[in-house]
Amino acid sequence: MEKFKSRWEITKDWQFIHVILGLIATFISAFLLAKAIISKFIEATSTTYLVLLVLGTLLLSYLIIKITLWLFAKLYDRWGVTYRWELIAIFLAFAVTGSTAGRLSNPLMDLIGLGKDVTSGWIYWPVRILLIFPIYQVLLVIFGWLFGQYTFFKAFATKMVSRMGLGFIFSK
């Protein structure tokens, strides 16, 4: 356990929550991906389906972890984080923010009268993407704060908005 703690630069026990949440998110993502892929080819009631679902979940979990560790190596110095466990917190905040922004945009589209069933896709999708952008920026800072990475995400959101030519929003 001490080797694990030193590798991830964990100095306090509460920091393990990021590792645990990261593993849970990995397995849930792998399960949902495996389920979506396998259900296209095999009926969900067969034993073969269950075996393939378990094997697919394990394989995809392994691949997700390998890709994530590769990203950690690339982003550790670039993002200037102090501890490796902070990268897990940052990845989790990005995942939760993206999912939440996507989920919130659908009822907001219905609220403004541009529901998917009554609006052309040529109008619906561009408006929805434009609606997601400000929601994402606000949620990014909020979830960054919840995951203990407020400073990183405030700078990240400011930089993203500035690169899109909207830096005047943050000028004094």
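Residues numbered from 1 in each chain as written. Predicted model: local features only at pLDDT ≥ 70, side-chain atom pairs only at ≥ 80, totals over all residues. Heavy atoms only, no water.

### Some remarks on the layout of surface pockets
If you roll a probe as big as a water molecule over the atoms, it shows you where there is empty space left. Just so we agree on the cut-off: Definitions used throughout: a 1 Å grid over protein atoms alone; a cavity as a set of points that fits a 1.4 Å probe which cannot get out; a pocket as an open set with protein on both sides within 12 Å along at least five of seven lines; a lining residue as one with an atom within 4 Å of a point. Grid points are joined across faces, edges and corners, and a volume is the space filled by probe spheres set on the points. Helix and strand assignments follow DSSP, with helices taken as H or I runs no shorter than four residues and strands as E runs no shorter than two, numbered in order from the N terminus. Amino acids are sorted into nonpolar (Ala, Val, Leu, Ile, Met, Phe, Trp, Tyr, Cys and Pro), charged (Asp, Glu, Lys and Arg) and polar (every other residue, Gly among them).
Roughly 620 Å³ of volume is contained in the largest pocket. Secondary structure elements with two or more residues in the lining of the largest pocket: α1 (2–7), α2 (16–38), α3 (47–78) and α4 (84–111). No other element matches α2, which puts 9 residues into the lining of the largest pocket. When its residues are assigned to classes, the lining of the largest pocket shows 18 nonpolar, 4 polar and 1 charged. For the second largest pocket, the calculated volume is near 270 Å³. For the lining of the second largest pocket, the element with the highest residue contribution is helix α6 (residues 150–166), accounting for 6 residues.

### Topic: α6
Note the threshold: A helix is expected to span 1.5 Å for every residue after the first. Residue burial is assigned from relative accessible area. The probe radius is 1.4 Å, only protein chains are included, and a residue is buried under 20% of its type maximum, exposed over 50%, and partly exposed in between. What the arc measures is the spread of directions leading from the helix axis to the C-beta atoms. Contact definition: two residues touch when any of their heavy atoms are within 4.5 Å.
For α6, with 17 residues, the first-to-last C-alpha span of 21 Å runs short of the 24 Å given by 1.5 Å per residue. Within α6 the residues assigned to the buried category are F152, F153, A157 and V161. Down the axis of α6, the buried set is contained in an arc of 150°. They therefore lie on one face. Counted as exposed and oriented over 90 degrees from the buried face of α6: T151 and R163. Against the buried residues of α6 lie α4 and α5 (121–146).

### Focus on the packing of α5 against α6
Cut-off, in case you're wondering: Between N-to-C directions, angles span 0 to 180 degrees; the directions come from axes that are lines fitted to C-alpha atoms, helices contributing only their stretch in contact. Note that the term roughly parallel is reserved for angles under 35 degrees, roughly antiparallel for angles over 145, roughly perpendicular for angles of 65 to 115, and oblique for everything else. With the far helix as reference, a near helix turned anticlockwise by less than a right angle produces a left-handed crossing, and one turned clockwise produces a right-handed crossing.
Contact pair α5 / α6: the axes reach a minimum separation of 7 Å and the direction vectors enclose 160°. The pairing of α5 with α6 is recorded here as roughly antiparallel in orientation. Relative to α6, α5 is oriented so that their crossing is left-handed. Across the interface between the two elements, F133, Y136, Q137, L140, V141, G144 and W145 from α5 touch Y150, F153, K154, F156, A157, M160, V161, M164 and L166 from α6.

### Section: the packing of α2 against α4
Between two packed helices, both the angle of their axes relative to each other and the distance between the axes serve to describe the pair. For the pair α2 and α4, interaxial distance at closest approach is 9 Å and the crossing angle is 45°. Relative to α4, the element α2 lies oblique. Read as a crossing pair, α2 and α4 show a hand that is left-handed. Here H18, V19, L21, G22 and A25 of α2 lie close against α4, whose contacting residues are W85, I88, A89 and L92.

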